[in-house]
Amino acid sequence: MYDFTFTITYEPGADEYVDLFIDRESLQSEATYSCLDPTELWKLESVTGEAADLDAVDELLLDESVDRESISARECRSNRATSLLTREQRRRVTYTYVSDVDYCESVPLIAAKYVDGGVLFEQTRSGDTVRWRVLVQDDSKIGLLYDTLSAKLGDGLSFSFEHLTEVDHWESELLSRPDVPAKQRETLLLAVERGYFETPRAVTLDELATELEEPRSTVSYRLRRATAELAKRFADQRT
């Protein structure tokens with residue numbers, strides 16, 4: 001099996017759904033797709049974040065007229081049905097079925113044209129970045145898929161290849177990663193690496209802010225939010 005991983009970065013205004021994630025730092029989306037042929041696909045998507053931010057995303061999340069699949073300037077011509085499976089204070093889970101596809105330049109549907117056999121897609125959204133992991137049996141058509149995806153991108157979108165790796169197992173971040181937004185996670189990891197949580201501290205908040213090129217108040221906020229989220233998850237697991 002092969003793990004093909006890449007990211008698509010969106011400029012503000014390029015996609016109304018991604019704009020919500022750019023504007024609201026707490027929002028994070030994780031989705032699994034299945035696509036057996038170029039005419040249909042289904043998706044399970046989990047969106048987490050602060051309650052007020054989730055309220056803001058609800059309308060677009062459940063609006064079946066909003067095209068959240070296409071990566072080009074052309075909207076998908078298809079039928080779309082979305083159902084809300086879970087509604088919690090800090091989490092939404094939806095199921096979307098896209099059928100009768102006449103035209104749609106989405107990552108799973110494009111891949112279905114080039115890659116034979118089973119394909120599994122994992123997608124994560126945070127800020128302006130959408131990261132894709134594609135698990136395929138055969139890597140012989142990955143070059144064509146790479147070229148096609150790069151060529152189909154609409155204005156304001158950019159493609160960045162991460163890796164193509166042969167694997168014998170596939171650990172899904174959907175199942176194992178805490179719901180900590182990417183920038184909070186980056187700040188927390190750097191703080192741990194630099195010894196911020198040691199006694200005595202090996203680095204100050206001002207030094208972390210300088211290294212991250214962020215205001216001190218922003219770094220402090222992200223550390224508080226990240227540690228609070230991890231503490232809540234630990235408490236939930238103990239009850």
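Residues numbered from 1 in each chain as written. Predicted model: local features only at pLDDT ≥ 70, side-chain atom pairs only at ≥ 80, totals over all residues. Heavy atoms only, no water.

Under an unreviewed UniProt entry, the name given to the protein is Helix-turn-helix domain-containing protein, and the source organism is Halorubrum ejinorense.

Another aspect to go through is the UniProt feature "domain: HTH bat-type" (unreviewed entry) in the protein. Under the present numbering, the feature "domain: HTH bat-type" (unreviewed entry) in UniProt falls on residues 183-231. A distance of 18 Å separates the end C-alpha atoms of residues 183-231, which is 73% helix and 0% strand. (UniProt positions renumbered as here; feature names shortened; annotations may be inferred. Helix = DSSP H or I, 4+ residues; strand = E, 2+ residues; numbered from the N terminus.)

Here we come to empty space enclosed by the protein. Empty space among the atoms can be located by rolling a probe the size of a water molecule over them. Counted according to the given criterion, the structure contains one cavity of 30 Å³ or more. In this structure, the largest cavity occupies an estimated 100 Å³ of space. What lines the largest cavity is a set of 14 residues, among which Tyr10, Arg68, Glu69, Gln123 and Arg125 lie closest to the centre. For the lining of the largest cavity, the secondary structure elements donating two or more residues are helix 3 (107-114), strand 6 (119-126) and strand 7 (129-136). (1 Å grid on protein atoms, 1.4 Å probe; cavity = no way out; pocket = protein on both sides within 12 Å on 5 of 7 lines; lining within 4 Å. Points joined across faces, edges and corners; volume = space filled by probe spheres on them.)

Hydrogen bonds along the backbone pair up the strands of a sheet, which may run parallel or antiparallel. Spatially, 4-5-3-2-6-7-1-8 is the arrangement adopted by the eight strands of the open sheet, whose pairing is antiparallel. In this open sheet, the two strands that pair with only one neighbour each are strand 4 (77-88) and strand 8 (157-166). Within the sheet, the average angular offset between the axes of one strand and its neighbour, ignoring direction, is 15 degrees. Looking at chain direction, strand 1 (residues 2-10) and strand 8 are connected through nine bridges and run antiparallel. Bridging from a neighbouring strand, Tyr10 pairs with Leu157 of strand 8. (Pairing = 2+ DSSP bridges. Axes fitted to C-alpha atoms, helices over the stretch in contact; angles between N-to-C directions.)

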